[in-house]
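# Notes for the structure review
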Amino acid sequence: MTLTRTTCPYCGVGCGVLAAADGTIKGDPDHPANFGRLCSKGAALGETIDLDGRLLHPQINGVRANWDTALDMVAQRFSDAIAQHGPESVAFYASGQMLIEDYYVANKLMKGFIGAANIDTNSRLCMASSVAGHKRAFGTDTVPGTYEDLEQADLVVLVGSNLAWCHPVLHQRIAAAKQARPHMRIVNVDPRRTATTDLADVHLRIAPDGDVALFNGLLAYLAETGKLDKAYTENHVNGLDAALAAAQASDPADSGLNARELADFYALWANTPKVVTAYSQGVNQSVCGTDKVNAILNCHLATGRIGKAGMGPFSLTGQPNAMGGREVGGLANMLANHLEIGNEAHRSAVQSFWQSPTICTKPGLKAVDLFEACANGQIKALWVISTNPAVSLPDADGVAAAIANVPFVVTSDIMEKTDTNALADVLLPATGWGEKDGTVTNSERRISRQRAFLPAPAEARPDWKIISDVAKRMGFSGAFSYGSSADVFAEYVALDQAASAFPRDLDLSIFADADYAKMVPTQWPRNGARFFANGQYYHPDGKAQMVAVTSPVSLNSRFTLNTGRNRDQWHTMTRTGKSARLGAHLAEPYVEMNPVDAAALGALPGALIALQNSRGRVLMRALITPRVAQGALFAPMHWTRQRSTAGTVNSVMTPLTDPISGQPALKASAVTAEVFKAK
Ligand code: SF4
């Protein structure tokens, strides 16, 4: 049996996997992300590679079609829309599941050849606030930390992150480090008690969106107790005075924590130089996500606790290639290779390299806005690639209606029956994990290969090839004549070298001579290099920027619904839903509710609860638990309408977004809750 060295397709930890066609799955002992470990989802990958439910042939209006007919139709309908209504009338909605090569080609077609920037991605739901926060603070979207920093820290603060379920192997690494270094302390900042809390020394049950108040309070405390690094801020940081004034005007009690909890946490953070503050969706998915990120970054910049081993802020990406999507510019407000749409020299360099007829000149529509543009008739042709927005976006029923309103919709997917495919005119079968070749970047900027160990089933094709074939039919043949994913990656690296004169954090020169077939997991800019070690940042004066941030207004609702993930499911369950073993963990949709609230509603364990607001309604079983505070509810996001006749939770998530990043506030929606009574 031959084992193929590849990478897990689920979370942003990016674990190495040894896989074989008979379903054998092992952790790769040589991969620096996991050193042989796997979590429950990764270990069950072999149970998800059958062809049940797969989309195996192109379809037009539900009828099998051949590839040429389907590709001709997609190219023609996009070309027609552009000719009649302009380039802003078409859009791509992509995914952090796509490989770097897929993302690169889609981004090139939209931004360089169609000439608009209407390509956004479900990664907007994952880490857009971190991207925006990094750019404000550092001048670039740089994640400065590594997994080793989390192991070497004396204090790890996990904010809005259920690491134990959502980044399980990283959680295992931290748990092992804590065992080996008993003095290590872990603080878990989360409105819920989760599996991650079990590892923590301290749980800070913060109020929803109380993060800015918490970290502003920390900044004020650091100043008051003489813990600011004045030499560092004078030499390397702008904006301290304004950020500190905003912090001092902020009330730490707005965090929802009491004076004792705040004092203890502030003293611990202030007196532990080697601190990593790691955060994920509880920070990012908020109406003030970018401000939360900057509130955290401010504390690290003000103390110089960045750019050194075992300390720094660390944003954890959710998806396997969310980071790679950022690198290739797969977001509506970015150009390729960490270049800027708003910079004329950058645009010119990219256009010249691509030899493209045009280049986008302004940012495109971000995810929530993109579907609003579908609803209001602006978008005439929409291509959804490798994702299921009719379920995964907030106001899911409104999004489904918006997609139905678009005159021409095409999807590329591995599965046939999805809520979004049901609304499409053309379905294009894509190859899935184990069948396709390419690269992904994990949370610590490490690029690893995904390799095929299975044949492409029936007529399925890789996404980069499907997109290229449409581009050629739109008249852009020379620029999309790739023979393999290796060709695409080589061009991506060559573009980076062509742009080397522009100061950027991204540096792919380490890949210039890499053998794609034999490529080993490699961290950019160079294995072992540390960002900001010399105190140099990417703003024009070389300094970092602290940002004055203020707390948001609370939702003021009887119930606030928070959403998240289960340990054994991934997103809308298209793959993990195939494993009976994984399905046995938590088998049906549920809503966590505090016992006091349950008693007030007359809800017994397992009662059907109706959650409702102006956007929609969903039914779920009550899971009565003190893990959530009074007034707080939590529900997982995995169940689609096709898997649950009681609806999907995103139907009651309001489409509020962070005004800077455009990331939806999927952690807080005002709802009513009542015990369901059949009429
Ligand atoms: Fe896959 Fe993430 Fe689990 Fe690693 S931790 S095996 S990348 S799901």
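Calculation notes
- Residues numbered from 1 in each chain as written.
- Predicted model: local features only at pLDDT ≥ 70, side-chain atom pairs only at ≥ 80, totals over all residues.
- Pairing = 2+ DSSP bridges.
- Helix = DSSP H or I, 4+ residues; strand = E, 2+ residues; numbered from the N terminus.
- Axes fitted to C-alpha atoms, helices over the stretch in contact; angles between N-to-C directions.
- Parallel < 35°, antiparallel > 145°, perpendicular 65-115°, else oblique.
- Left-handed = near helix turned anticlockwise from the far one by under 90°.
- Contact = placed C-beta atoms within 7 Å.
- Nonpolar A, V, L, I, M, F, W, Y, C, P; charged D, E, K, R; others polar.
- Near = placed C-beta within 6 Å.
- Domains from an automatic or database assignment.
- Expected span 1.5 Å × (residues − 1).
- Buried ≥ 20, exposed ≤ 12 C-beta atoms within 10 Å, placed from the backbone.
- Arc of directions from axis to C-beta.
- Right-handed = clockwise from strand over helix to strand, strands pointing away.

Looking now at the sheet that holds strand β25 (residues 632–636). In spatial order, the strands read β21-β25-β22-β24-β23-β26; together these 6 strands close into a barrel with mixed pairing. The mean angle between the axes of side-by-side strands here comes to 45 degrees, regardless of whether they run parallel or antiparallel. Here 3 bridges tie strand β21 (residues 559–564) to strand β26 (residues 669–675), and the two strands are oriented antiparallel to one another. Counterpart to threonine 560 in the pairing with β26 is alanine 670.

With that settled, consider the packing of helix α8 (residues 211–224) against helix α11 (residues 259–270). In contact at an axis separation of 10 Å, α8 and α11 are set at 60 degrees when each is read in the N-to-C sense. With respect to α11, the element α8 is oriented oblique. Handedness of the α8/α11 crossing: right-handed. Listed contacts from α11 to Gly217, Leu218, Tyr221 and Leu222 of α8 are Leu262, Tyr266, Trp269 and Ala270. Counted by class, the contact of α8 with α11 contains 7 nonpolar, 1 polar and no charged residues.

Residues in contact with the ligand amount to 14 residues; listed here are only the nearest, Cys8, Cys11, Cys15, Cys39 and Gly42. Counting residues per element, the ones that place at least two in the shell around the ligand are α1 (40–43) and α7 (168–180). A class-by-class count of the residues in the shell around the ligand yields 9 nonpolar, 4 polar and 1 charged. When residues of the shell around the ligand are assigned to domains, at least three fall in each of domain 1 (4–48) and domain 3 (128–318).

The terminal C-alpha atoms of α8 lie 20 Å apart, and with 14 residues this matches the ideal 20 Å at 1.5 Å per residue to within 8%. Along α8, 11 of the 14 residues are buried, which leaves the element largely enclosed by surrounding structure. Burial in α8 covers these residues: Asp211, Val212, Ala213, Leu214, Phe215, Asn216, Gly217, Leu218, Leu219, Tyr221 and Leu222. Buried residues along α8 sit in contact with β8 (155–159), β9 (185–189), α10 (240–249), α11, α12 (281–284) and α13 (289–302).

Take the pairing of strand β13 (residues 312–315) next. Neither face of β13 is open: one carries Gly312 and Phe314, the other Pro313 and Ser315, and all of them are buried. In terms of strand pairing, strand β12 (residues 275–279) meets β13 through 4 bridges, oriented parallel. Paired with valine 276 across the strands is glycine 312, a residue of β13.

Across the junction of tryptophan 524 and proline 525, the peptide omega takes the value 5 degrees, indicating a cis bond. Locating proline 525 in the fold gives a position in the loop between β19 (522–523) and β20 (544–545). Phi angles above zero are rare outside glycine, and asparagine 61 is one such case at about 50 degrees. Tracing the backbone shows asparagine 61 in the loop between β4 (59–60) and β5 (63–64).

So, about the packing of helix α3 (residues 100–114) against helix α20 (residues 485–498). Close contact between α3 and α20 brings their axes to 9 Å; oriented N to C, the two are set at 65 degrees. Between α3 and α20, the angle is such that the two are roughly perpendicular. As for how α3 packs across α20, the hand of that crossing is left-handed. Contacts from Ile100, Glu101, Tyr104 and Val105 in α3 reach Ser485, Val488, Phe489 and Tyr492 in α20. A class-by-class count of the residues in the contact of α3 with α20 yields 6 nonpolar, 1 polar and 1 charged.

For the rest of this paragraph, the subject is α10. Helical periodicity: at 3.6 residues per turn, an α-helix aligns residues three or four positions apart in one direction. For α10, the full list of buried residues reads Ala243, Leu244, Ala246 and Ala247. Burial along α10 is one-sided: seen end-on, the buried residues are contained in an arc of 160 degrees. Of the exposed residues in α10, those oriented more than 90 degrees away from the buried face are Asp241, Ala242, Ala245 and Ala249. In this fold, the buried residues of α10 make contact with α8 and α13.

Here 3 strands make up an open sheet; going across it, the order is β1-β2-β3 and the pairing antiparallel. The sheet is open, and its two borders are formed by β1 (4–7) and β3 (25–27), each paired with just one other strand. Across this sheet, the average inter-strand angle for adjacent strands is 35 degrees, counted without regard to direction. Examined bridge by bridge, β1 and strand β2 (residues 16–19) share 4 bridges and lie antiparallel to one another. Paired with threonine 4 across the strands is alanine 19, a residue of β2.

This paragraph deals with the domain arrangement of the chain. As far as domains go, the chain holds domain 1 (4–48), domain 2 (59–123 + 321–483), domain 3 (128–318) and domain 4 (559–675). For domain 3 and domain 4, the distance between their C-alpha centres works out to 27 Å. Contacts between domain 3 and domain 4 engage 22 residues on the former and 23 residues on the latter. Every element with two or more residues in the side of domain 3 that touches domain 4 is listed here: α4 (124–138), α6 (163–166), α12 and α13. If one sorts the elements of the side of domain 3 that touches domain 4 by residue count, α4 sits on top with 4 residues.

Quick look at the pairing of strand β6 (residues 90–94) now. Counting buried residues along β6, 5 of its 5 residues qualify, which places the element largely inside the surrounding structure. Of the two faces of β6, both are covered, the one formed by Val90, Phe92 and Ala94 as well as the one formed by Ala91 and Tyr93. Two strands pair when backbone bridges link them, and β6 and strand β14 (residues 381–385) are joined in this way by 4 bridges, in the parallel orientation. Looking across to β14, one finds that valine 90 is bridged to alanine 381. In this view, the connection linking β6 to its parallel neighbour strand β7 (residues 119–121) by way of α3 has right-handed handedness.

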